[in-house]
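# Residue-level structural notes
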Amino acid sequence: MRAADAAANVGATSASLFVDPRAPTILATPSDNTTLNVVTPTLSAGFQDPPPFSAIVSGSFAATIDGLPATDFVVTSSGATFTPTIPFSQGAHVVTYTVSDANGNTGSVTARFFVDSVLPVVTLSPADTSIITTNRPLLRASFSDPDPSSSLDLSTFHAELNAQDISSSFTVGANEATFILNAPLPDQQFQLTARIFD
């Protein structure tokens, strides 16, 4: 920039401008809409300042868990981590992270996660130690996912009879799987096992 006076004297100067409209980016772990089967998960936030890199401000990181300030994160120049000593309750939770760069741009991310460490319940019929009078019994595995239910994954159903996989023989429904044996069983003791994941 320059300017001249009436005597034609010219003054000039220059200024360097640094344009940085971009906020820091934050990568949350667990990510948004994650279901966890542990009650003390490690929470982490990795952050960086995208080009033109005005740098993350030390001490600008902040976090809330279920709306309350969380001050026990271990913070470095590139991220923050926290492993709770008090278990999360079963069900839905939300964590929010914010961090700022040297030009005052603030990045923020929210991650919702669902804690479900309660095992599905499986009930077998015939029941354990049963004595049956037919050699072609109806085998039934009834299952449910107690609160806080994250829903059953029916594709994970697995059944064995005396350690032999018979899963594909069952008709699997929303709450039970059933199978009538095609060939009669010999007179002996059998062990039926079944499992399913949520």
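Whatever comes next refers back to the structure up there.
Presented here is an overview of the structure given in this document. (Residues numbered from 1 in each chain as written. Predicted model: local features only at pLDDT ≥ 70, side-chain atom pairs only at ≥ 80, totals over all residues. Heavy atoms only, no water.)

Counted under the stated rule, the structure contains 9 aromatic pairs. On the basis of an interplanar angle of 45° and a centroid distance of 5.3 Å, the ring pair of phenylalanine 73 and phenylalanine 82 is categorised as tilted. The exposure classification of phenylalanine 73 matches that of phenylalanine 82, with both residues buried. Through successive ring pairs, a cluster of aromatic residues spans Phe47, Phe61, Phe73, Phe82 and Tyr97. (Phe/Tyr/Trp six-rings, centres within 6.5 Å; stacked < 30°, edge-to-face > 60°. Buried < 20%, exposed > 50% of the residue type's maximum accessible area, 1.4 Å probe, protein only.)

Turning to the layout of surface pockets, a few remarks are in order. In this approach the atoms are scanned with a rolling probe the size of a water molecule, which exposes any empty space left behind. The space that makes up the largest pocket amounts to roughly 600 Å³. Around the largest pocket sit 22 residues that line it, and Ser130, Ile132, Gln189, Phe190 and Gln191 are the ones nearest its centre. Residue composition of the lining of the largest pocket, by class: 12 nonpolar, 8 polar and 2 charged. Every residue lining the second largest pocket is listed: Asn37, Asp116, Ser117, Val118, Leu119, Pro120, Val122, Arg195, Ile196, Phe197 and Asp198. Residues of the lining of the second largest pocket, tallied by class, amount to 6 nonpolar, 2 polar and 3 charged. (1 Å grid on protein atoms, 1.4 Å probe; cavity = no way out; pocket = protein on both sides within 12 Å on 5 of 7 lines; lining within 4 Å. Points joined across faces, edges and corners; volume = space filled by probe spheres on them. Nonpolar A, V, L, I, M, F, W, Y, C, P; charged D, E, K, R; others polar.)

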